[in-house]
Amino acid sequence: MFSFSYPATFRRDSGGRLLVNFPDLPEAHTDGKNAQEANEEAIDCLGSAIAFRIAEKADIPAPSALKRGQRLVPVPLWIAGKLALYLTMREQRISNSDLARRLGVRETVVRRMLDPDHDTRSEKLQAALAMLGKRIVVAVDDAA
C-alpha cells in the first residue's frame, strides 16, 4: 500500500517564518507565517508538485521514512485519486489506450482522468483503479 503522505521539514528562518521543504520532492518549497499557515501551504505545495510531475509524465517517488524533526504532510484530496491511478498505470505498464480499451471509453477520457487541471469525478477514478485491481481506502486519524 502506498502512503499518501510525504515527510517535510519545518524550520524557522531569521524572520520567524516557517520554511517547509520536502526531501522526496526537491522542487517543493513553501512557507507560512505560523504553524497553521505553513501546514496549509505545505499541503497545497505538495499537491502542486505532484500535479506538475503527473502533467510532465515524470517519476513520483514513494515517500521516504519519516526522520527526526520531520512531519508528514498529506497529499491533498483533489490530486490523490489521480496520483493513485497514475502510479498504478506506471507500475503495471498500462498505457492510456490500454486502460481506455479495458474501460470501454475513448483514450481522451483516460487522458482527462490523469489531467491535474481536469475535475474528474471520484467514481470514475475508482472504476479505473478497480479495473487495474486497486481500490482507494480512506482513513481518518487523530491530528497530531
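Every chain's residues receive numbers from 1 upward, in the order its sequence appears when written. Where local features are concerned, this predicted model is filtered to residues with pLDDT of at least 70; where side-chain atom pairs are given and counted, the filter is 80 or more; whole-chain, interface and lining totals use all residues. Just so you know, side-chain values use all the structure's heavy atoms and leave hydrogens and water out.

Engineer: Outline the packing of helix H1 (residues 35–55) against helix H2 (residues 77–91), supporting the account with residue identities and numerical values.
Structural biologist: Relative orientation of the contacting elements H1 and H2 amounts to 35°, with a least axis distance of 10 Å. Here the hand of the crossing between H1 and H2 comes out left-handed. On H2, the residues touching Gly47, Ser48, Ile50, Ala51, Arg53 and Ile54 of H1 are Trp78, Ile79, Lys82, Leu83 and Tyr86. Residue composition of the contact of H1 with H2, grouped by class: 7 nonpolar, 2 polar and 2 charged. Simply put, an axis is a line fit to the C-alpha atoms, just over the touching stretch for a helix, and the angle between two N-to-C directions goes from 0 to 180 degrees. Going along the chain from the N terminus, every DSSP run of H or I of four or more residues is numbered as a helix, and every run of E of two or more is numbered as a strand. Helix crossings are classified by the rotation of the near helix relative to the far one: an anticlockwise turn of less than a right angle makes the crossing left-handed, while a clockwise turn makes it right-handed. When checking whether two residues touch, look at their non-hydrogen atoms; a contact exists if any pair is within 4.5 Å. Gly counts as polar in this scheme, as do all residues outside two lists: the nonpolar Ala, Val, Leu, Ile, Met, Phe, Trp, Tyr, Cys and Pro, and the charged Asp, Glu, Lys and Arg.

Engineer: Before we move on, can you summarise the side chain of Ser5 with the specific residues and values?
Structural biologist: Take Ser5: it is sitting in strand E1 (residues 5–12). Accessible area is worked out with a 1.4 Å probe on protein chains only. A residue is then buried under 20% of its type maximum, exposed over 50%, and partly exposed in between. Residue classification places Ser5 among the buried residues on the basis of a relative accessible area of 17%. Look past the residues within four positions of Ser5 in its chain and what remains in contact with it is Pro63, Leu72, Val73, Pro74 and Val75.

Engineer: If you had to explain the layout of surface pockets to someone new, which residues and values would you point to?
Structural biologist: Taken as a whole, the largest pocket encloses approximately 1,600 Å³ of empty space. Cavity means a closed set of points on a 1 Å grid over the protein atoms alone, one where a 1.4 Å probe fits but cannot get out, pocket means an open set with protein on both sides within 12 Å along at least 5 of 7 lines, and lining means a residue has an atom within 4 Å of a point. Along its surface, the largest pocket is lined by 41 residues, and Ser3, Phe4, Ser5, Val137 and Ala139 are the ones closest to its centre. At the level of secondary structure, the elements contributing two or more residues to the lining of the largest pocket comprise strand E4 (70–74), H2 and helix H5 (122–131). Among the elements that take part in the lining of the largest pocket, H2 stands out by supplying 10 residues, more than any other. Of the residues that constitute the lining of the largest pocket, the class distribution is 24 nonpolar, 8 polar and 9 charged. Grid points are joined across faces, edges and corners, and a volume is the space filled by probe spheres set on the points. Its boundaries defined by the atoms lining it, the second largest pocket holds a volume of some 270 Å³. Elements with a minimum of two residues in the lining of the second largest pocket: H1, H2 and helix H4 (107–114).

Engineer: Describe the sheet that holds strand E3 (residues 29–32), naming the residues involved and giving the relevant values.
Structural biologist: Note on pairing: two strands pair once DSSP finds at least 2 bridges between them. Strand order in the open sheet formed by 4 strands is E3-E2-E1-E4, with antiparallel pairing between adjacent strands. Edge positions in the sheet fall to E3 and E4, since each of these pairs with one other strand and no more. Recorded for the sheet is a direction-independent mean angle of 35° between the axes of neighbouring strands. Here strand E2 (residues 18–21) pairs with E3 via 4 bridges, running antiparallel. Looking across to E3, one finds that Leu18 is bridged to Gly32.

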